[in-house]
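Residues per chain, in single letters:
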Amino acid sequence: MPGSKLPVGICPDMCPAAERAQRERERRLHRFEVDRGWTGDPPRADPQRTVKEYNRPAAGKLRPPPSQLRPPSVLLATVRYLASEVAESPNAPLAEVASFVADRLRAVRLDLVLQSAGDAETAVVLEAALATLLAVVARLQPVETRGPVDPVLLQTQVQESFGSLRRCYAQSPGPHPRQAAFQGLFLLYNLGSVEALYEVLQLPAALRACPPLRTALAIDAAFREGNAARLFRLLRTLSYLQSCAVQGHVGHARRAALARLARALSTPKGQTLPLDFMVHLLALDGPHEARDLCQAHGLPLDGEERVVFLRGCYTEKGLPPVGTCNVLVGSKLRGRTLEEVVMAEEEDEGVFRPS
């Protein structure tokens, strides 16, 4: 309302005590939030593990008091916890982890909207939350999205997260040290989108000249041109977080490259090509993945090492195979934890320092 002033959050915990008690009574605790040492019934909430869940604001509903809102410092600690403890849960299904983390990160963004917080600290929280969400979503395989998590909802939340962060950048002069990195992630996640490219090109020239944005623009150009050799050569150089952002486009890029090879090489008698060449060209994880890709598109094999491009054989059915993407994504963690990636990724190359 005009003239109204937003409060400042004062809740010191990841979940307000009132919500924690209510969900405990109503048996709405997630198994990630239950006290491990409690064996009674109903389950008891662990204050160190319970995280505020998302509740959609309703028309006419009173704003939550400051005691129900977490300040930016607590929100950042919450994101760190989700990245370090929940996202790295060894025995939990990835779909369950993604569903829980996405919901709690949505609540983090809502807490920021409902209170008065500085632009710089807001940007830091939104950056960490978006990085965590990108990494968790990238770990999902297509078969796992048919469980407790809706892939369309996850994509919507990623786009909403980008929107919140980019609005924060636009409303504040900064400086925002990681802005170039996250603007580049925005373009990589929306690879091939005219709208995303237009929005990036409206950024200041000094920002566009930063390495992460230059790389993202080069990848977008190679993707549009169908230059598979350049595209996958650039994808190999990306950091882990950048690779998570672009992973959703890898399968389509490989299919497009294979279709061009089929048009160029197919003959009535068939022409063979070493699978090792395709592994190198398309940054596949090995000959087994090259064989799976060819067979999924109707191309026959000549033994275990060569594919035959026979005229009329190439077909496209359903979505392209995603593959494990270990070369392009998984291998780039290089022993780091997700928390380290979320908080320090591209700290050197992605920093934008205005003159």
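In short, a report on the structure. Not measured: the values here are computed from a predicted model. (Residues numbered from 1 in each chain as written. Predicted model: local features only at pLDDT ≥ 70, side-chain atom pairs only at ≥ 80, totals over all residues. Heavy atoms only, no water.)

### Re the overall build of the protein chain
What counts is decided by this rule: The numbering of helices and of strands both runs from the N terminus, where a helix is a DSSP run of H or I of at least 4 residues and a strand a run of E of at least 2. A simple rule labels every residue: compare its accessible area, found with a 1.4 Å probe on the protein chains alone, to the largest value its type can have, and call it buried under 20%, exposed over 50%, or partly exposed in between. It only takes one pair of heavy atoms within 4.5 Å for two residues to be counted as in contact. Using a 1.4 Å probe, the Shrake-Rupley method yields the accessible areas, and only the shown protein chains count as cover for residues.
The secondary structure content of the protein chain amounts to 15 helices and 3 strands. For the C-alpha atoms alone, the extent of the protein chain along its principal axes is close to 75 × 55 × 40 Å. Within the protein chain, buried positions represent 48% of all 355 residues. A fraction of 73% describes how many contacts in the protein chain between residues 6 or more apart in sequence connect residues 24 or more apart. As presented, the protein chain carries roughly 17,300 Å² of accessible surface, and 54% of it is formed by carbon and sulfur atoms.

### Notes on the sheet that holds strand 3 (residues 306–309)
Rules: Any two strands with at least two DSSP bridges between them are considered paired. Structural elements are reduced to axes, namely lines fitted to C-alpha atoms, with helices fitted over the stretch in contact, and the angle between N-to-C directions of any two is expressed from 0 to 180 degrees.
Taken together, the 3 strands give an open sheet; going across it, the order is 1-3-2, and neighbouring strands pair in antiparallel fashion. Strand pairing shows two members of the sheet lacking a second neighbour, strand 1 (271–274) and strand 2 (301–302), which therefore form its edges. Inspection of the sheet shows strand 1 paired to strand 3 by 4 bridges, in the antiparallel sense. Note that in strand 3 the partner of Leu 273 across the bridge is Val 307. Here helix 12 (residues 250–265) sits on the sheet and contacts strand 1 and strand 3; the angle it forms with strand 3, its principal contact strand, is near 60°.

### Some points on the side chain of Glu 33
Put simply, the rule is: Distance and chemistry together define a polar contact, namely a pair of N or O atoms within 3.5 Å, with one atom able to donate a hydrogen and the other to accept it when in protein, and with adjacent residues in sequence counting only for side-chain atoms on both sides.
In this fold, Glu 33 is placed in the loop between helix 1 (17–25) and helix 2 (72–86). Reaching out from Glu 33, the side chain makes a polar contact with the side chain of Arg 23 at a distance of 2.8 Å. In this view, Glu 33 contacts Arg 23, Arg 44, Ala 45, Asp 46, Arg 49, Thr 50, Val 51, Phe 100 and Arg 104; residues no more than four positions away in its chain are not counted.

### Concerning the packing of helix 3 (residues 94–113) against helix 5 (residues 151–171)
Formally: Should an angle fall under 35 degrees it is called roughly parallel, over 145 degrees roughly antiparallel, and 65 to 115 degrees roughly perpendicular, with every other angle called oblique. Note on convention: the crossing is left-handed when the near helix lies turned anticlockwise from the far helix by less than a right angle, right-handed when the turn is clockwise.
Interaxial distance between helix 3 and helix 5 falls to 11 Å at its minimum, and their mutual angle equals 30°. When the axes of helix 3 and helix 5 are compared, the pair comes out roughly parallel. Two packed elements cross with a definite hand, and for helix 3 against helix 5 that hand is left-handed. When helix 3 is examined against helix 5, the residues Ala 98, Ala 102, Asp 103, Arg 106 and Arg 109 are found in contact with a partner set consisting of Leu 154, Gln 157, Glu 160, Ser 161 and Ser 164.

### Side note on helix 5
Structural remark: α-helix, 3.6 residues per turn; residues separated by three or four positions point the same way. Selection rule: The length a helix should cover is 1.5 Å for every residue beyond the first. In this description, one arc is meant: the one made by directions from the helix axis to the C-beta atoms.
The end-to-end C-alpha distance of helix 5 is 30 Å, a good match for the 30 Å that 21 residues give at a rise of 1.5 Å each. Those residues of helix 5 lying buried are Leu 154, Gln 157, Val 158, Ser 161, Phe 162, Leu 165, Arg 166, Cys 168 and Tyr 169. End-on view of helix 5: buried residues confined to an arc of 165°, all on one side of the axis. Along helix 5, the residues that are exposed and aim more than 90 degrees away from the buried face are Val 152, Ala 170 and Gln 171. The inward-facing, buried residues of helix 5 abut helix 3, helix 4 (119–138), helix 6 (179–189) and helix 7 (194–201). Between the side-chain oxygen at the start of helix 5 and the backbone nitrogen of Val 152 there is a gap of 3.0 Å, and the oxygen is on Asp 150.

### A word on the packing of aromatic side chains
This is how it is decided: Centres within 6.5 Å are what make two rings of Phe, Tyr or Trp a pair, Trp counting through its six-membered ring; a difference in plane orientation under 30 degrees is then read as stacked, over 60 as edge-to-face, and the rest as tilted.
Under the definition given, this model contains 3 aromatic pairs. Considering the side-chain rings of Phe 32 and Phe 100, the 5.2 Å spacing of their centres and the 85° angle between planes classify their relative orientation as edge-to-face. With Phe 32 in the loop between helix 1 and helix 2 and Phe 100 in helix 3, this residue pair connects regions lying 68 residues apart in the sequence. Taking relative accessible area as the criterion, Phe 32 reaches 7% and is therefore assigned buried. The exposure class assigned to Phe 100 is buried, which follows from its relative accessible area of 3%.

### Points about the pattern of salt bridges
Note the threshold: Only one rule defines a salt bridge in this text: a Lys or Arg side-chain nitrogen within 4 Å of an Asp or Glu carboxyl oxygen.
For the structure shown, the criterion picks out 19 salt bridges. Residues Glu 19 and Arg 23 are paired through a salt bridge, measuring 3.1 Å at the closest nitrogen-oxygen approach. Of this pair, Glu 19 and Arg 23 are both found in helix 1, 4 residues apart, which corresponds to roughly one turn of the helix. Between Arg 224 and Asp 220 there is a salt bridge, with its nearest N and O atoms 2.6 Å apart. Here Arg 224 and its partner Asp 220 are both found in helix 9 (residues 211–225), 4 residues apart, which amounts to about one turn of the helix. Each of Glu 19, Arg 23, Glu 26, Arg 28, Glu 33, Glu 53, Asp 103 and Arg 104 takes part in salt bridges that share partners, so that together they form one network.

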